[in-house]
Amino acid sequence: MEQRTPVAEVEPDEQVRVAGWVHEIRDLGGIAFVILRDRTGRLQVTVSEDELPTETVEMVAEMTRESVIAVIGTARPEDRAPGGIELIPDTIELVAKADPGLPLDPSGKVDAELPTRLDNRTLDLRKPDVQAIFSIRSTVLQAVRDAFRAADCTEITTPKIVATGTEGGTELFPISYFGREAFMNQSPQLFKQLIAGSNVERVFEIGPIFRAEEHNTPRHLNEATSIDFEGAFCEASDAMDMAESVVTAAYERVSEECQAELEVLGLTDGFELPSGGFERITYEEALDRLNASGALDESLVWGDDLSTEAERALGELMGAHYFITEWPAEVKPFYIKNFDDDPTTSTGFDLMHPAMELSSGGQREHRYERLVEGFEQQGLDPDAFAYYTEMFRYGMPPHAGFGLGGERLVMTMLDLDNIREAVLFPRDRQRLSP
Ligand code: AMO
């Protein structure tokens, strides 16, 4: 493509070629102001009728908002223009004309409903606030990757087409695999354990997970991004330290590098870094605090999972990120290790934001016999998981890890009211395209 200068880099008295979208046109008769927008900002192109060929003037008169244009011209200072610069064009090329019937208004002056926005994501993403979310999401993922690498972890990618589920049979998406039954993977759980048990020891993965959840809520997706860690010779507290450090690293990096985006989202004042040392309370303590607060209609008893309402009430009591540790064994999956001196209690933990669960993890059962027993207790067929359990016979070290929801991390960080705001093309009960 021809050389082009990003509009934010245009300097006065320079001859440049810029290209981008027509954000706005103000035709004052004899003179028109075309605001050109690219990924770096906006630039006023001042079109004087008597200084340009007739066909260019006619073309500008017919130009539609969101058309793509390329302009060659000379910049000069102009206090009244955005950024204090205007471009006096020599030539204007209409590269791609936009249909005037836009399905949503990218200037954001007219609100659109979320489904309309998601149907027209290309246009939606032309809005600065939407762009800000995805720019921050990209920074979060980079910060997380760097935090794992700094902790000596190897990045892995594992299959998304699998033979067995891991997180409970009802939430699997079945697919046909050359006539055999297969599923979309719910979690890299078993693979990350198998690799942690090799000489690689410490691994992380950032990738899609698929959950056939029936419920349509503001915080569930059917395809989500999971940030997974697994470390050999780690116990639950080590995995919690790691989860805390990646979450903190994400906040710190966003605070350092995304002030402009936070400002667009109106979050510069409210953006608080999590203070170090997330509080760790046991499940039992969580129940005690909730029951004592009187926030719930019915008291919780040992073995209950925490409802959305209970999570919120506890979040209010805690007021910051925290961990719930030592969950009842019965509510945690087969791979989580239980305490030897109390097999009803597990090493499983959840990392909570005051608004919702962000992550869960724990130490894993690494002893072959106990692992197979656990399968049987949960009504699962150990033979179906032989590809996994067999490796536990050949020197599997103790290990621990966690899975952290990428979208929930961004959602809670930016106080978004719907998780779909943090995904470019969400998958939910209703939505399969785009
Ligand atoms: P879990 O099932 O708790 O644990 O998932 C881990 C985290 O992933 C996110 N998450 C979701 N986000 C949006 N929509 C969903 N449907 C969804 N499901 C999960 C949540 C959740 O806390 N294998 C274990 C992790 C481990 O033990 O290492 C697991 O998948 O933020």
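Heads up: the structure comes first, above all this text.
Source: prediction; values computed, not measured.

Novice: Could you clarify how one ought to interpret the nonpolar core in this entry?
Specialist: Generally speaking, a soluble globular protein has its nonpolar side chains buried in company with each other. Counting 51 residues, the largest nonpolar core has V140, F148, F402, M413 and L414 as the members making the most contacts within it. Of all the elements in the fold, those that place two or more residues in this core are helix 4 (128–150), strand 10 (202–210), strand 11 (223–232), helix 6 (236–257), strand 16 (349–353), strand 17 (356–363), strand 18 (399–405) and helix 12 (406–413). With residues near it in sequence (within four places) discarded, V140 still touches A250, V254, L409, V410 and M413. Among the nonpolar cores identified, the runner-up in size contains 22 residues, and V45, M59, M63 and I92 belong to it.

Novice: What is the right way to read the site of the ligand from this model?
Specialist: Q189, K192, E357, S360 and R364 are the nearest of the 22 residues found near the ligand. L358 is positioned such that a nitrogen or oxygen atom in its backbone is 2.8 Å from an oxygen atom of the ligand. Within the side chain of S360, an N or O atom sits 2.5 Å from an oxygen atom of the ligand. Within the complex, the protein chains bury 93% of what would otherwise be the 630 Å² of accessible surface of the ligand. Looking at the shell around the ligand, the elements that each hand over two or more residues are helix 5 (189–196), strand 17 and strand 18. When residues of the shell around the ligand are assigned to their parent elements, the largest contribution, five residues, is made by strand 17. For the shell around the ligand, the class distribution of residues is six nonpolar, eight polar and eight charged.

Novice: Help me understand the packing of helix 4 against helix 6 in this model?
Specialist: Two quantities define a packed helix pair, namely the angle between the axes and the distance from one axis to the other. For the pair helix 4 and helix 6, the least separation of the axes is 8 Å and the interaxial angle reads 135°. With respect to their mutual orientation, helix 4 and helix 6 come out oblique. For helix 4 against helix 6, the interelement crossing comes out right-handed. Side by side, helix 4 and helix 6 meet where I136, T139, V140, Q142, A143, V144, D146, A147 and F148 of the first sit next to M242, V246, A249, A250, R253, V254 and E257 of the second. Here the residues of the contact of helix 4 with helix 6 are counted per class, giving eleven nonpolar, two polar and three charged.

Novice: I keep staring at the pattern of salt bridges and nothing clicks. Help me out?
Specialist: Opposite charge on two side chains allows them to pair when their charged atoms are near. Inspection of the entire model under this criterion finds 33 salt bridges. With a closest N to O distance of 2.9 Å, K127 and D124 form a salt bridge. Here K127 and D124 have matching classes, each one buried. Notably, a salt bridge pairs D241 with R280, separated by 2.7 Å at the nearest N-O pair. Here R280 lies in strand 12 (residues 279–282) and D241 lies in helix 6, a separation of 39 residues in the sequence. Owing to a relative accessible area of 32%, R280 belongs among the partly exposed residues under this scheme. Three or more residues joined by partner-sharing salt bridges are found here, namely R117, R121, D124, K127 and E421.

Novice: Would you take a moment to explain helix 9 (residues 308–318) for this structure?
Specialist: Since one α-helical turn is 3.6 residues long, residues separated by three or four positions face the same way. A310, E311, A313, L314, G315 and M318 are the residues of helix 9 that are buried. Backbone geometry just after helix 9 places G319 at a positive phi near 75°.

Novice: Is there a simple way to explain the packing of aromatic side chains in this structure?
Specialist: Aromatic ring pairs are reported here in terms of the distance separating the ring centres and the angle at which the planes meet. Going through the model one piece at a time under the given rule, you end up with 16 aromatic pairs. With a centroid separation of 5.6 Å and an interplanar angle of 35°, the aromatic rings of F229 and F402 are classed as tilted. Highlighted residues: F229 in strand 11 and F402 in strand 18, separated in sequence by 173 residues. Both residues of the pair, F229 and F402, count as buried. Here the aromatic residues F334, Y335, F375, F385, Y388 and F392 are joined through ring pairs into a cluster of three or more. Between the NZ or CZ atom of K332 and the centre of the ring of W327, over which it lies, the distance is 4.9 Å. Over the ring of Y368 we find R393, and its NZ or CZ is 5.8 Å from the ring centre.

About the thresholds
Residues numbered from 1 in each chain as written. Predicted model: local features only at pLDDT ≥ 70, side-chain atom pairs only at ≥ 80, totals over all residues. Heavy atoms only, no water. Core = buried A, V, L, I, M, F, W, Y, C linked by side-chain atoms within 4.5 Å. Buried < 20%, exposed > 50% of the residue type's maximum accessible area, 1.4 Å probe, protein only. Helix = DSSP H or I, 4+ residues; strand = E, 2+ residues; numbered from the N terminus. Contact = heavy atoms within 4.5 Å. Near = heavy atom within 4 Å. Polar contact = N/O pair within 3.5 Å; in protein donor to acceptor, adjacent residues only side chain to side chain. Areas by Shrake-Rupley, 256 points an atom, 1.4 Å probe, with all protein chains shown as cover. Nonpolar A, V, L, I, M, F, W, Y, C, P; charged D, E, K, R; others polar. Axes fitted to C-alpha atoms, helices over the stretch in contact; angles between N-to-C directions. Parallel < 35°, antiparallel > 145°, perpendicular 65-115°, else oblique. Left-handed = near helix turned anticlockwise from the far one by under 90°. Salt bridge = Lys/Arg side-chain N within 4 Å of Asp/Glu carboxyl O. Phe/Tyr/Trp six-rings, centres within 6.5 Å; stacked < 30°, edge-to-face > 60°. Lys NZ or Arg CZ within 6 Å of the ring centre and 35° of its normal.

These values are about where atoms sit, not about what they do.
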